[in-house]
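Inside the fold
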Amino acid sequence: MKGRIERGAASEPAVHPEASIDRAIAGKISDSERETLERHLEVCVACAAHVAVARSGQAALQPLPWDSGLNNQAIERVLARVERGRWEPMRFWFRRRWAMSLIAVLLGLGGAASATWWKGRRVDDQALFARETAPVAARLAATRKPAVVAVNPLVPSPVAESAPDRLSFAQRAPTSTATAAALFEEASVLRDRNQPQQAIVVFRRLQRRYPDARETRISFALAGKLLLEQGRPAQALAQFDRHLARAGEAAEEALAGRATALKRMGRLAEEEHTWRNLLQAYPRSVYASQARARLVEIQAAQESRAPSEGAPAADGIGRERSASQH
Amino acid sequence: MRSAYHKADLTVEIGTTAGERASDPRGDDQLTNLATLATRTKDPVLVRRFLEGIAPSVRGVCRAVLGPRHVELEDIIQECLIKILRALPSYRFEGSIVHYTNRIALRAAIAGRQRGRNREQRDRALVEQGTGNSTSGQDSLPGLWFLRTLIDELPTVQAEVVVMRMVLGYSVEEIAVATGVSVNTAKSRLRVAKEHLRQRLGGEA
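Fair warning: this is a prediction, and the values are worked out from it, not measured in the lab. (Residues numbered from 1 in each chain as written. Chains lettered and ligands numbered in written order. Predicted model: local features only at pLDDT ≥ 70, side-chain atom pairs only at ≥ 80, totals over all residues.)

1. Thoughts on the overall build of chain B
- If you tally the helices and strands in chain B, you get 10 helices and zero strands.
- Reading the secondary structure of chain B in the N-to-C direction produces α-α-α-α-α-α-α-α-α-α.
- Counting across all 205 residues of chain B, residues that qualify as buried make up 48%.
- Considering only contacts in chain B between residues 6 or more positions apart, those separated by 24 or more positions represent 63%. (Helix = DSSP H or I, 4+ residues; strand = E, 2+ residues; numbered from the N terminus. Buried ≥ 20, exposed ≤ 12 C-beta atoms within 10 Å, placed from the backbone. Contact = placed C-beta atoms within 7 Å.)

So, in structure tokens, the structure goes:
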């Protein structure tokens, strides 16, 4: 270090008398030490600058008449922020986990409600899809402003492919510049307003435009729930599978939704496997009792069917399966 | 440049340094007690009293580093106070509480200054061209204005040591405690910073 200092100017001292500078600034320096320091300052521009800067620094640290008011103002603002809960550092991941937990709870409540409403009901997916997309396409064609609603399902499905009007309209529709968060918010609002079809459309737009966004990952679970409510288990299953494939935060809800979708489609073996997966991964899940009850039912159905294996199914589940195969 | 400093400056009565003020045992003890109570109880009254105790020091540090007319001075002061509140649970009663809070403020101020470095350089160029526009870093204390340019050029740890030593008046030992390094490391950082300062002044002479 000494050599490094002396490279710049051989006449500069390598050692700076910091203690003497302190005493000089404090006015507690003896005459002999003062003379020594002054000789040092003659050759050491850095220490001379140190003394000068210390002088200015002390002046800068002195309180000004208006400081008190400004300090009070700053303290008020800081306290207001602290009272809003910012006392402790709140990391992003914590906020995200909190938000995801809330979404999971909402999904759970929605799932329970929809399961009750939806029990025993089967709706023709294709007919419903065509019925609900027709007014949207007609309205947009009339207004000639296709940017208002861009209906292009992200997930290719047999149903979507069978709706050429919708696809051709979507191809004409220009894309908007909404962010992933904005689309997610828009879909959530539509969902809250009990407009599930529009919400699904926006969720799919989000999935198509921002495949890697965090909002997209969650949207698979939410769209799956909505599709289940709409009686479209095949599309719901695809959504739940995509959520699970991306290790989404609502995996518990997605597993329950997947099992429900499989039940609706009569795929009992896969349903049983899914319920078991759910119980294994989330033994304390709110769906645990439902899963166990359903496993008992599946077991009973399989046992009753075993003696007459090979014969046409006579129970309800068998009918469901045979219906789904058509 | 060299003649602008030394000798005459030594004759100025500086008074009590910031380091000495910070090491005032009674004031520091009171602030330490307030900090402890405020951290444990989160009582708004105690928090306010603690903030009132450190706010002048924090403002002084920020003003020295950023300049009195820095556009973000008030925002950075608030940021400092919040950071200090958040960091209080981590205070281990090693060294003065004022040194602890000053260091947090200093780091935040240096970071704030570095964030606005491009704007600072642009404004300084305007002044050098003689437009007379005020800059965020320039004030009536030319030594400090020069120091701020030095802060922009030095690594953060060295800039921190320079401000503690030259502006806040900390001794090398106090710097070592405040920054959590050995005395030799603190000395080394100061020596390197002074070498940079000497080269900078030599270049301008």
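2. What to know about the overall build of chain A
- Scanning chain A for helices and strands turns up 17 helices and zero strands.
- Burial statistics for chain A: of 326 residues in total, 34% are counted as buried.

3. Topic: helix 14 (residues 251-265) of chain A
Residue and element names in this part refer to chain A.
- Helix length check: helix 14 (15 residues) gives 20 Å between terminal C-alpha atoms against 21 Å at 1.5 Å per residue, within 8%.
- With 14 of its 15 residues buried, helix 14 lies for the most part within the structure.
- Among the residues trailing helix 14, G266 stands out with phi positive, at a value near 75 degrees. (Expected span 1.5 Å × (residues − 1).)

4. Re the packing of helix 2 (residues 18-26) of chain A against helix 4 (residues 45-61) of chain A
All names here are of chain A.
- Between helix 2 and helix 4, whose axes approach to 11 Å, the crossing angle comes to 35 degrees. In this structure, helix 2 crosses over helix 4, and the sense of that crossing is right-handed. Seen from helix 2, the contacting residues are I21, A24 and I25; seen from helix 4, they are C47, H50, V51 and A54.
- Tallied by class, residues from the contact of helix 2 with helix 4 come to six nonpolar, one polar and no charged. (Axes fitted to C-alpha atoms, helices over the stretch in contact; angles between N-to-C directions. Left-handed = near helix turned anticlockwise from the far one by under 90°. Nonpolar A, V, L, I, M, F, W, Y, C, P; charged D, E, K, R; others polar.)

5. Observations concerning the nonpolar core
- The biggest cluster of nonpolar side chains holds 76 residues, and the ones touching the most others in it are C62, V65, C80, L81, A109 and V163 of chain B.
- If sequence neighbours within four positions are ignored, C80 of chain B has contacts with V58, C62, I104, A105 and A108 of chain B.
- L107, I218, A256 and W275 of chain A belong to the second largest nonpolar core, which has 36 residues in total. (Core = buried A, V, L, I, M, F, W, Y, C linked by C-beta atoms within 7 Å.)

6. Notes on helix 3 (residues 44-66) of chain B
- At I54 of chain B, helix 3 of chain B shows its maximal kink, close to 40 degrees; a proline, P56 of chain B, follows between one and four residues later.
- Just downstream of helix 3 of chain B, G67 of chain B is the residue with a positive phi angle, here 100 degrees. (Bend = angle between axes of the 7 residues up to and from the residue.)

7. Some thoughts on the environment of R40 of chain B
- Assignment of secondary structure puts R40 of chain B in helix 2 (residues 25-41).
- On a C-alpha basis, the gap between R40 of chain B and L88 of chain B in space is 9.9 Å, while along the polypeptide they are 48 residues apart.

8. Observations regarding the confidence of the model for chain B
Residue and element names in this part refer to chain B.
- Averaged over chain B, the pLDDT score is 74; the fraction of residues at 70 or greater is 72%.
- When the criterion is pLDDT under 50, residues 1-23 qualifies, and its contacts beyond four places in sequence or with other chains add up to 51 contacts.
- Contacts of residues 130-138 to residues separated by more than four positions or lying in other chains number 25 contacts, the stretch itself having pLDDT below 50. (pLDDT = per-residue confidence, 0-100.)

9. What to know about the environment of E249 of chain A
Residue and element names in this part refer to chain A.
- By the element assignment, E249 lies in the loop between helix 13 (233-245) and helix 14.
- Between the C-alpha atoms of E249 and M100, which are 149 residues apart in sequence, the distance is 6.4 Å.
- In this structure, E249 is in contact with M100, A104 and I218, ignoring residues within four places of it in sequence.

10. A word on the packing of helix 8 (residues 156-167) of chain B against helix 9 (residues 172-179) of chain B
All names here are of chain B.
- The contact between helix 8 and helix 9 brings their axes to 10 Å, and the two run at 135 degrees. Here helix 8 is positioned oblique relative to helix 9, judged by the angle of their axes. Note on packing geometry: the crossing formed by helix 8 with helix 9 is right-handed. Across from E160, V161, M164 and R165 in helix 8, the residues of helix 9 making contact are I175, A178 and T179. (Parallel < 35°, antiparallel > 145°, perpendicular 65-115°, else oblique.)

11. Re the confidence of the model for chain A
All names here are of chain A.
- Across chain A, the average pLDDT comes to 72, with 66% of residues at 70 or higher.
- Per-element averaging of pLDDT across chain A places helix 1 (residues 2-8) at the bottom with 37 and helix 13 at the top with 90.
- Note that residues 144-175 has pLDDT below 50 and, in this model, 54 contacts with residues that lie over four places away or in other chains.
- Below pLDDT 50 for its whole length, residues 310-326 participates in 18 contacts with residues either more than four positions away or in separate chains.

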